[in-house]
Amino acid sequence: MFTKVLVANRGEIALRVMRACHELGVGTVAVHSEADADALHVRFADESVCIGPNTPASSYLNVNRILSAAEITDSEAIHPGYGFLAENAEFAEMCESCDIRWIGPPAKVIAGMGNKSLAKEKMLQAGVPVIPGSDGAVADEAQALELAASIGFPVMIKAASGGGGKGMRIARDPDDLSNNMLIAQAEAESAFGDGTVYIEKYLPNPRHVEVQLIADRHGNVVHLGERDCSVQRRHQKLVEESPCAGISTELRGSIQETAVRGARAMNYESAGTMEFLVQDDAYYFMEMNTRIQVEHPVSEMVTGRDLIKEMIRVAAGEPLTFGQADVRFAGHAIECRINAEDPAQNFMPRPGRTDFIHLPGGAGVRVDSHAYQGYSISPYYDSMIAKIICHGSDRREAIARMIRALDECVVDGVESTISFLQAVMREERFAAGDVSTRYLEEFAWNGTELVRKDMAEV
Ligand code: MV4
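Residues numbered from 1 in each chain as written. Predicted model: local features only at pLDDT ≥ 70, side-chain atom pairs only at ≥ 80, totals over all residues. Heavy atoms only, no water.

Caption draft 1: Broad picture of the nonpolar core. Residues V239, I338, I385, I388, V424, M425 and F430 are the most contacted members of the largest nonpolar core, which totals 40 residues. Apart from the residues within four sequence positions on either side, I338 is in contact with S383, M384, I385, A386, I388, L406, C409, V411, S416, T417, I418 and L421. Ranked by size, the runner-up nonpolar core spans 32 residues in total, among them A14, A20, V26 and V222. (Core = buried A, V, L, I, M, F, W, Y, C linked by side-chain atoms within 4.5 Å. Buried < 20%, exposed > 50% of the residue type's maximum accessible area, 1.4 Å probe, protein only. Contact = heavy atoms within 4.5 Å.)

See below:
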């Protein structure tokens, strides 16, 4: 096992990683920007290094400063958390060449999954169902039109180097496709430096279902069940839960098994998530996230396993401490993200100083947060203040517990998503587990309640 790990991140995930390190008896090094000098992750760590000014580019994305911090502190490994450098294959490669272990999948695997079109081809070869569409990139409009005619409209144009909803366009008919192809390619070129696009059949209202995976260097690949992350706004997840409500036991088992097969085919290692779209009784691979995700605690709560500790162990070359047969799934867990955003203003970030904060507690409630009394939400970083994760013996209890926990939550001084999330927990379609990625489009938020839109608008 390592004696010292550097955490190349900030906020709640930096705390989460350090907690795991301390439980393993591993020392911790924090890196921080000038704005974060008083941040909790700095105080949690055994040692800290200021790596630069407030902008992410000059600090949390500054690979040279981070590697220097690792060198001067004799850190043996780096955990990247999520965001920032977590899916940067070049950085993973640089760590390894500096003889610093990367707590994540191998650089080649990160790069392989980073190209969404290549990832899809690889998964298809592994027998994983993918959304019908082009085999790899589409070169030009003529090829796109021919393909769309065979798979049927509407189709989606996606950027190969995109992901997470960036660089996508819907085309409803041939004219639409002609108009959108060049735009999509130009947008992809300017956003990702790669104009490659591919095409697939557009699914009208799928669920977003993702499988949590963890794998070691000894050939063990284990899933910790699936999460439904359909409740999102502009590709920003607000609510996640496990298990996914409203799918059959057979479909659930099949998705989980498929995810494990896909991960095996690419010699996956570390924690990762395979994302699927589920439409009616069919499911399709969408992309793979080669990092720990924000919503990992819901999987931890239903399985009682610690994903971060396992990530650290497998990076140190140890085998997983459990096999698939040891994993027991108990009850239901839901996560709500408390963000400093105004849900009545398109979830616009509202950074600022909090006057008073009280976070919930009690049976079945986990709170992952870096906020404290008087904490200021910086405009430089993510607006997430806290993750509230509630576990119950079943979904009803988990929801009731979340309503109770959100009631206890006080964040004074900034706008937050608390009352919006309260309303979602009480909304009847959500309560019935009847959600899709378009669920939130069906409502408007007037500052107090969810108002169902006229169906013609949706
Ligand atoms: C789709 C789709 C419908 N059909 N692909 C959004 C994130 C990116 N990774 C892929 N996304 C989608 N791809 C086809 N062929 C709908 C979405 C989508 C979505 C997916 C998951 C969660 C929320 C979403 C919100 C809007 C669109």
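Caption draft 2: Seen up close, the sheet that holds strand β8 (residues 197-201). Read from one edge to the other, the open sheet built from 3 strands follows the order β7-β6-β8, with strand pairing classed as antiparallel. The sheet is open, and its two edges are formed by β7 (166-171) and β8, each paired on a single side. Ignoring which end each strand starts from, the neighbouring axes of this sheet average 25° apart. Both strand β6 (residues 155-163) and β7 contribute to a ladder of 5 bridges, which runs antiparallel. Note on β7: the bridge partner recorded for K158 is M168. (Pairing = 2+ DSSP bridges. Helix = DSSP H or I, 4+ residues; strand = E, 2+ residues; numbered from the N terminus. Axes fitted to C-alpha atoms, helices over the stretch in contact; angles between N-to-C directions.)

Caption draft 3: Region of the structure containing the packing of aromatic side chains. Per the counting criterion, the structure on display carries 10 aromatic pairs. With 5.6 Å between their ring centres and 80° between their planes, Y60 and Y381 make a pair best called edge-to-face. Taken together, the residues span a long stretch of sequence, with Y60 in the loop between β3 (47-52) and α3 (63-72) and Y381 in the loop between β22 (376-377) and β23 (384-392) at a distance of 321 residues. By relative accessible area, Y60 is classed as buried at 0%. Residue classification places Y381 among the buried positions, given a relative accessible area of 10%. Each ring, one from Y380 and one from Y381, has its centre 6.2 Å from the other, and the planes form 50°; the classification is tilted. Note on Y380: relative accessible area 40%, which makes it partly exposed. Pairwise contacts between aromatic rings join Y60, F84, Y380 and Y381 into one cluster. Over the ring of Y372 we find R43; its NZ or CZ atom is 5.6 Å from the centre of that ring. Seen from the ring of F430, R395 lies directly overhead, with NZ or CZ sitting 4.7 Å from the centre. (Phe/Tyr/Trp six-rings, centres within 6.5 Å; stacked < 30°, edge-to-face > 60°. Lys NZ or Arg CZ within 6 Å of the ring centre and 35° of its normal.)

Caption draft 4: View of the site of the ligand. Taken together, 17 residues sit near the ligand, with K158, E200, K201, L203 and E287 positioned nearest. A distance of 2.9 Å is found between a nitrogen atom of the ligand and a side-chain nitrogen or oxygen belonging to K158. A distance of 2.6 Å separates a nitrogen atom of the ligand from a polar backbone atom of K201. Protein chains shield 90% of the accessible area of the ligand, which is 520 Å² for the free molecule. Across the shell around the ligand, the residue classes break down as 7 nonpolar, 6 polar and 4 charged. (Near = heavy atom within 4 Å. Polar contact = N/O pair within 3.5 Å; in protein donor to acceptor, adjacent residues only side chain to side chain. Areas by Shrake-Rupley, 256 points an atom, 1.4 Å probe, with all protein chains shown as cover. Nonpolar A, V, L, I, M, F, W, Y, C, P; charged D, E, K, R; others polar.)

Caption draft 5: How the structure looks around the side chain of K120. Within the secondary structure, K120 is located in helix α6 (residues 116-125). For K120, a relative accessible area of 6% translates into the label buried. Sequence-distant contacts of K120, defined by excluding residues within four places in its chain, comprise V130, I131, Y198, I199, E200 and F285.

Caption draft 6: Expanded view of the side chain of T354. Within the element layout of this structure, T354 appears in the loop between β19 (352-353) and β20 (356-358). A polar side-chain atom of T354 sits 2.7 Å from the main-chain carbonyl oxygen of Y375. Among residues more than four places away in sequence, those in contact with T354 are Y372, G374, Y375, I377, V411, D412 and V414.

Caption draft 7: Structural view of helix α9 (residues 249-265). Compared with the 24 Å implied by 1.5 Å per residue over 17 residues, the 24 Å span of α9 between its first and last C-alpha is a close match. The complete set of buried residues in α9 reads L251, R252, I255, Q256, T258, A259, V260, G262 and A263. Summarising the contacts, the buried residues of α9 are in contact with α6, β9 (207-215), β10 (221-228), β14 (270-279) and β15 (282-289). At the C-terminal side of α9, N267 shows a positive phi close to 50°. (Expected span 1.5 Å × (residues − 1).)

Caption draft 8: View of the pattern of salt bridges. Tallied over the full model, the rule gives 33 salt bridges. Note that E295 and R337 form a salt bridge whose closest N and O atoms lie 3.1 Å from each other. Here the residue E295 occupies a position in the loop between β15 and α10 (296-303), and R337 occupies one in strand β16 (residues 332-339), the gap between them amounting to 42 residues. Residue R337 is classed as buried on the basis of its relative accessible area of 10%. Among the salt bridges present, the one from R366 reaches E300, with a minimum N-O distance of 2.7 Å. Remark: E300 occurs in helix α10 and R366 occurs in strand β21 (residues 365-369); sequence separation between them is 66 residues. Among the residues examined, E300 registers a relative accessible area of 5% and is labelled buried. Salt bridges linked by common partners bring E210, R227, K237, E240, E295, E335 and R337 together as one network. (Salt bridge = Lys/Arg side-chain N within 4 Å of Asp/Glu carboxyl O.)

Caption draft 9: Seen up close, the pairing of β15. Counted residue by residue, β15 has 7 buried out of 8 residues, so it is predominantly covered. Here β14 folds back onto β15, and the loop between the two strands holds 2 residues, one of which, D280, carries a positive phi near 55°.

Caption draft 10: Examining the environment of S369 more closely. As for its position among the elements, S369 is in strand β21. The buried category is assigned to S369, whose relative accessible area is 10%. As for S369 and K387, which are separated by 18 residues in sequence, their C-alpha atoms are 6.3 Å apart. Here S369 is in contact with E12, L15, L359, I385 and A386, once residues within four sequence places are set aside.

Caption draft 11: Spatial organisation of helix α12 (residues 395-408). When the terminal C-alpha atoms of α12 are compared, their 20 Å separation across 14 residues agrees well with the 20 Å that a helix rising 1.5 Å per residue should span. Of all the residues in α12, the buried ones are R395, A398, I399, R401, M402, I403, A405 and L406.

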